[in-house]
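Chain by chain, the residues run as shown.
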Number of protein chains: 2
Amino acid sequence: MKELKDRIRRDGIIRAGNVLKVDSFLNHQMDIQLFEAIGQEFKRRFSYAEINKILTIEASGIGIACVVAQSFHVPVVFAKKTQTKNISGEVYTTKVESYTHGRIYDVIVSREFLGKGDKVLLIDDFLANGKALEGLTKLVKDSGAELVGAGIVIEKGFQIGGRMLREQGIRVESLAIVDSMDEATGEIVFRE
Amino acid sequence: MKELKDRIRRDGIIRAGNVLKVDSFLNHQMDIQLFEAIGQEFKRRFSYAEINKILTIEASGIGIACVVAQSFHVPVVFAKKTQTKNISGEVYTTKVESYTHGRIYDVIVSREFLGKGDKVLLIDDFLANGKALEGLTKLVKDSGAELVGAGIVIEKGFQIGGRMLREQGIRVESLAIVDSMDEATGEIVFRE
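Residues numbered from 1 in each chain as written. Chains lettered and ligands numbered in written order. Predicted model: local features only at pLDDT ≥ 70, side-chain atom pairs only at ≥ 80, totals over all residues.

All right, on to the pairing of strand E8 (residues 119-127) of chain B then. Residue and element names in this part refer to chain B. Extensive coverage of E8 is indicated by the burial of eight of its nine residues. Both strand E4 (residues 53-57) and E8 contribute to a ladder of three bridges, which runs parallel. Bridging from a neighbouring strand, Ile54 pairs with Leu121 of E8. Across eight bridges, E8 lies against strand E9 (residues 146-156) in parallel orientation. For Ile123, the partnering residue across the bridge sits in E9 and is Gly151. With helix H4 (residues 131-143) bridging E8 and the parallel E9, this β-α-β connection has right-handed handedness. (Buried ≥ 20, exposed ≤ 12 C-beta atoms within 10 Å, placed from the backbone. Helix = DSSP H or I, 4+ residues; strand = E, 2+ residues; numbered from the N terminus. Pairing = 2+ DSSP bridges. Right-handed = clockwise from strand over helix to strand, strands pointing away.)

Here is the structure:
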């Protein structure tokens, strides 16, 4: 997606440790017009599929998922990272290791909102080592819902997540795949 | 907002401890069409005002804020509840006590994304004791931005937050104000 790659080149900041900061438009401040274009692009790529629910994970996936959902006319469910007293006891649960935060979360989805008959598109802002997406995939499987695929805004192609998920037969559509980036020069190489 | 009140009456569940569960359409599973109607209603109520940024707090405020932002054509910034290594060191910070989770969070916003010249509308799903909104108000004040007001989906009118914020001169627009609710009968009384 050219608009997205141009934006990453213009406003993305490369930091030590293969960190790509895109928090001016994607995951802290959010450019909603860009999100609308992202939604239209996911709709184009999954136009063949029947989808009746979008599943994402808090926090930075939620905004993107909600705007993307407008292109699909479906509700969004977001997986929560800790058990709150407002969640009913009946939940699907898994554990996800966060690369960004360096710790392990319990991730839950209420059984009421995911189950047989749901045709689920996963949406997230980043795909790196794939732990979050792997967790969401497990929740979908446990619930008896059907996993249609995953729509990712930025995939770090040099990390293992994308390959791992595709080898499992999951259709992963990433709008920008970063194959390499250079902190010193600021150069970002995207996969064709 | 009649559509919202009808939805709360139909799908809201009252639990002990003055908990109103609306997680089938507002803050776990999210009805995006309802969010669009909510956005149009906030736009109507703040039509007099110049607004160039929406500020919310993770996690359940983000989806609403992003869809509401489409009615205002402005970017969204969400305040983060813990410091991650992807956030630059330059942040505004405050502490917020969560009623739902029963603990105190550090809440941060990057200085890059909030400051002088910003005319800010706060958006959140719930207003109860007002701690989250008070924290966001402090972040706006610290940044030198202008606080235009706050748009709340559901206010618990029997808790102190709404009165406290309005007494500080903040324009708080709540689309549904619950004055009382009865766990035994399921009855909800909305303020006229």
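Text resumes after the structure shown.
On to the packing of helix H2 (residues 32-45) of chain A against helix H3 (residues 60-72) of chain A, then. All names here are of chain A. For the pair H2 and H3, interaxial distance at closest approach is 8 Å and the crossing angle is 50 degrees. Relative to H3, H2 is oriented oblique. Crossing of H2 against H3: the hand is right-handed. For the pair H2 and H3, contact is made by Ile32, Phe35, Glu36, Ile38, Gly39, Gln40, Phe42 and Lys43 and by Gly63, Ile64, Val67, Val68, Gln70, Ser71 and Phe72, respectively. Each residue belonging to the contact of H2 with H3 can be placed in one class, and the counts come to eight nonpolar, five polar and two charged. (Axes fitted to C-alpha atoms, helices over the stretch in contact; angles between N-to-C directions. Parallel < 35°, antiparallel > 145°, perpendicular 65-115°, else oblique. Left-handed = near helix turned anticlockwise from the far one by under 90°. Contact = placed C-beta atoms within 7 Å. Nonpolar A, V, L, I, M, F, W, Y, C, P; charged D, E, K, R; others polar.)

Here the focus is the interface of chain A and chain B. Listed as interface residues are 30 residues of chain A and, on the opposing side, 31 residues of chain B. In terms of residues, the side of chain A that touches chain B owes the most to one element, H3 of chain A, which gives six residues. Looking at the side of chain A that touches chain B residue by residue, the classes come out as 14 nonpolar, ten polar and six charged. Where strand E3 (residues 29-30) of chain A meets strand E5 (residues 76-79) of chain B, two bridges bridge the pair, whose relative direction is antiparallel. Its bridge partner lying in E5 of chain B, Met30 of chain A is registered against Val76 of chain B.

The next subject is the sheet that holds strand E4 (residues 53-57) of chain A. Spatial strand order, E11(A)-E10(A)-E9(A)-E8(A)-E4(A)-E5(A)-E3(B): seven strands in an open sheet with mixed pairing. The outermost strands of the open sheet, each flanked by one partner alone, are strand E11 (188-190) of chain A together with strand E3 (29-30) of chain B. Here strand E9 (residues 146-156) of chain A runs beside strand E10 (residues 172-181) of chain A; their pairing, made up of six bridges, is parallel. Opposite Ala150 of chain A, over in E10 of chain A, you have Val172 of chain A as the bridge partner. Sheet strands touched by H2 of chain A: E9 and E10 of chain A. Its angle to E10 of chain A, the strand with the most contacts, is close to 115 degrees.

Residue and element names in this part refer to chain A. Ala59 follows Glu58 through a cis peptide bond whose omega is 0 degrees. Along the chain, Ala59 falls in the loop between E4 and H3. One non-glycine residue, His73, adopts positive backbone phi at about 55 degrees. Its place among the elements puts His73 in the loop between H3 and strand E5 (76-79). Taking the C-beta count within 10 Å as the criterion, His73 has 11 such neighbours and is therefore assigned exposed.

What follows deals with the packing of H3 of chain A against helix H3 (residues 60-72) of chain B. Where H3 of chain A contacts H3 of chain B, the axes come no closer than 8 Å and their chain directions differ by 45 degrees. For the element pair H3 of chain A / H3 of chain B, the angle class is oblique. Judged by the sense of rotation from one axis to the other, the crossing of H3 of chain A with H3 of chain B is right-handed. Contacts between H3 of chain A and H3 of chain B involve Ile62, Gly63, Cys66 and Val67 of chain A on the former and, on the latter, Ile62, Gly63, Cys66 and Val67 of chain B. Residue composition of the contact of H3 of chain A with H3 of chain B, grouped by class: six nonpolar, two polar and no charged.

This part takes up the relation of the copies chain A and chain B. Taken as rigid bodies, chain A and chain B are interconverted by a rotation of 180 degrees and an axial shift of 0.0 Å, the fit giving an RMSD of 0.0 Å. Overall, the copies show the geometry of a two-fold rotation axis. The rotation axis passes nearest to the C-alpha of Gly63 of chain A in chain A, at a distance of 2.4 Å. Counting the interface residues of chain A, we find that 100% of their copies in chain B are interface residues as well, pointing to one common contact surface. (Least-squares fit on C-alpha atoms with pLDDT ≥ 70 in both.)

Purely geometric stuff here, so don't read any function into it on its own.
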